[in-house]
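Single-letter residue listing:
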Amino acid sequence: MAVQTRVKPAKNDTPKNEKHAGLTRDTLVRLYRTMYLSRKLDDREIQLKRQNKIYFQISSAGHEAVTAAMGLLLRPGADWIYPYYRDRALCLMLGVTPLDMLLQAVGAADDPSSGGRQMPSHWGHAKFNVVSKSSCTGTQFVQAVGAAEATLYYEAHPKALAQAKKAPLGELAKHAADEIVYVSSGDGATSEGEFWESLNAACANKLPLLYLVEDNGYAISVPVEVQTAGGSISKLVQSFPGLHVAEVDGTDPIASYAVCQEAVNYCRERRGPALIHAHVTRPYSHSLSDDEKLYKVPEEREAEAHRDPLSKFALFLVRENVLDQKQIESLEAQVDHEVRQAGDAALAAEAPAVESILSNVYSPHVDPTAAAFEAEAQPHGAPKTMVEMVAATLNDEMSNDERITVFGEDVADASREENLKEVKGKGGVFKATAGLQRKYGSSRVFNTPLAEASIIGRAIGMATRGLKPVPEIQFFDYIWPAMMQIRDELCVMRWRSNGAFKCPMVVRVAIGGYLTGGAVYHSQSGESIFTHCPGLRVVMPSTALDVAGLLRTAIRCDDPVMFLEHKHLYRQPYNRSEYPGPDFTIPFGKSRVVNEGTDVSIITYGAFVHRAEVAAAQLWRDGISAEIVDLRSLSPYDWDGICASVRKTHRVIVAYEDMLSWGYGAELAARIADELFDELDAPVRRIAAMDTFCGYHPHLEDAILPQSDMVVASVRRLLDY
């Protein structure tokens, strides 16, 4: 029972609109019912956790008022929702059912959010545009920016929307008039850099993005004054241009509704982004893994109890003659019964099948390793370098697919379009995107702030909405700020949502050394880190022809692809090729035999392919026949091609540019030794960089990185074994 006070209702119990922020009696009752339902679902989950019938619980208690009020204003299936794990009342308002939520709690196969793959309260529901939530704090902010950019993009490019609808999961390619994007978090997550990166981008582009910061005073046990300078996030963001900022008592649903309505309207009118700072409570511990009594004094907990939105609103409804005590008790009894029924149904639901583990790691709709991607080249024109082939391939694909956007640091010809009349244009630090902005416009090719996490996060948001972003990370050495977005968001989206959402894109990255002067921060390799990420395809061409075929496959693929472009190879004359035509593709997982041989197999990729060729030529002069296999695609890789070569030569060298220890070649060497041991006449050898960093001086770089003479010496040792 929420209240004990009994007040006799007036004969006319319909409140005046102007008195209650325009809310009718029925809406006020709906608000209370949703808030109470949210709390009872928390309580039921807590009970189930203590009975060891579910495995985790994190509550929305204390947050119900402002989130239920926001739920009244957002349009299910039209607006896009990037929720906070305490947004239970919001999700209930949007249409997620109590059974849906409890199916998630028990980890049932029919859980619509993840099919039992994620913890409870990690909301996701494609029907209502509730984008799958991860456990990471703050990553959702920049993804919401990308989703809001997609809103404006579809308004300007209706053809892109039509093309997106025809792609796999085309039902997610929605666009509604005046739609907005909602993103929420606790106060603690505003300490993450992606929060500030997102505000910068949202304000710079006047995006229809609504932030709700639900400030319950704590990030687990860390109080707000330690998390946030001055203890108020709304004060800190006041200076962002065009940002509507409001502060509200988030335990008051009527005050919250009025403030949320103003912010929602601001975004719908395309005036820019808005941020609501709602002060709420957290009457329960952070989760059942936490005990707030360890860091909250009794007086503080008692003060929070007096601000509990549920008891406050129930008392308000009685005092305002909206409901009497018996009506409240009847409503609560109905909700209690509904929760019990949902709990019983959830407990009876089937668990996910073990064999489902590998479902939706990659797209079930498009197989980039399939024979359909084997195409004959139709060469024409003057030979192009690798970097010229990147631009030519992007140009062809962009002309056919309006969903494609290209962005990153310095990728545009000139952000100030008026300058294009007088300047040639930048088009990337390596000129790989030169001329694309001039041809396709600044809405499709544009520069971003220098913020790698934001670049990838925005691309995830766009891709989730059906666009096909091709972001660029200027140097592999600076990809690490984006690691959380790549490993915990980009790779995982399809799997964690059980196929309900996806984010196919191509992340172009300039990688590698052999630059003469690249030094520590412009020469790194590290491809093995990303081949270790399920859900991500990784390719690394060594010739201009392979760039064209693999990049086109990557764009037409339905998975996220990391496309590694070796800087040293960009303008080499020995790997140039005529343009192979607009439909030339190469399947992933299909290696290329660069040089036929019978005495030893050299398995390699990237810039080391040419060094292996130089070594093979020297060995040939000495009567030794070396076969070179260029993997081209690192994940997936061509195991059948490796097997065929090893069975022919019976001796193997795995050569790669990255450091020797824990590198990509270590996995290949281990698998060859494990599965092809009977075919080997000698141990598997590895050639790689030293376990240190790349030096600036050329003689340091030459000593650190693997060279052709190392191949020659290693081959001789293998033949003498």
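Since the model is a prediction, treat every value here as computed from it, not as a measurement. (Residues numbered from 1 in each chain as written. Predicted model: local features only at pLDDT ≥ 70, side-chain atom pairs only at ≥ 80, totals over all residues. Heavy atoms only, no water.)

### Let's talk about the side chain of aspartate 396
Now for step 1: You can see aspartate 396 is positioned in helix 14 (residues 386–400).
Now for step 2: Excluding anything up to four places from it in sequence, aspartate 396 contacts Arg552, Tyr579, Gly581 and Pro582. (Helix = DSSP H or I, 4+ residues; strand = E, 2+ residues; numbered from the N terminus. Contact = heavy atoms within 4.5 Å.)

### Structural notes on the sheet that holds strand 11 (residues 468–473)
Now for step 1: Within the open sheet, the seven strands sit side by side as 10-9-11-12-14-13-19. Their pairing is mixed. Each edge of the open sheet is held by one strand with a lone partner, namely strand 10 (445–447) and strand 19 (633–635). Strand after strand, the sheet turns through a mean of 20° between neighbouring axes, direction not considered.
Now for step 2: Pairing between strand 12 (residues 506–511) and strand 14 (residues 561–566): six bridges, direction parallel. The residue of strand 14 that forms the bridge with valine 506 is valine 561.
Now for step 3: Sitting on the sheet, helix 14 touches strand 9 (404–408), strand 10, strand 11, strand 12 and strand 14, and the angle it makes with strand 9 is about 140°. (Pairing = 2+ DSSP bridges. Axes fitted to C-alpha atoms, helices over the stretch in contact; angles between N-to-C directions.)

### Examining the sheet that holds strand 6 (residues 244–249)
Now for step 1: Strand order in the open sheet made by the five strands is 1-2-3-7-6, with parallel pairing throughout. The open sheet is flanked by strand 1 (80–82) and strand 6, the only strands paired with a single partner. Averaged over all neighbouring strand pairs, the angle between strand axes comes to 15°, with direction disregarded.
Now for step 2: Of the strand pairs in this sheet, strand 6 and strand 7 (residues 274–279) are connected by six bridges, and their pairing is parallel. For valine 248, the partnering residue across the bridge sits in strand 7 and is alanine 278.

### Section: the nonpolar core
Now for step 1: Core analysis: the largest hydrophobic core is formed by 85 residues, its most contacted members being Leu209, Tyr211, Ile486, Leu536, Met562 and Ile672.
Now for step 2: Element by element, the count of residues in this core is highest for helix 5 (residues 139–156), at eight residues.
Now for step 3: In this structure methionine 562 touches Ile479, Ile486, Val507, Val509, Phe530, Leu536, Arg537, Val538 and Val539, once residues within four positions along its chain are discounted.
Now for step 4: Formed by 66 residues, the second largest nonpolar core is a distinct cluster that contains Leu48, Ala274, Leu310 and Ala314. (Core = buried A, V, L, I, M, F, W, Y, C linked by side-chain atoms within 4.5 Å. Buried < 20%, exposed > 50% of the residue type's maximum accessible area, 1.4 Å probe, protein only.)

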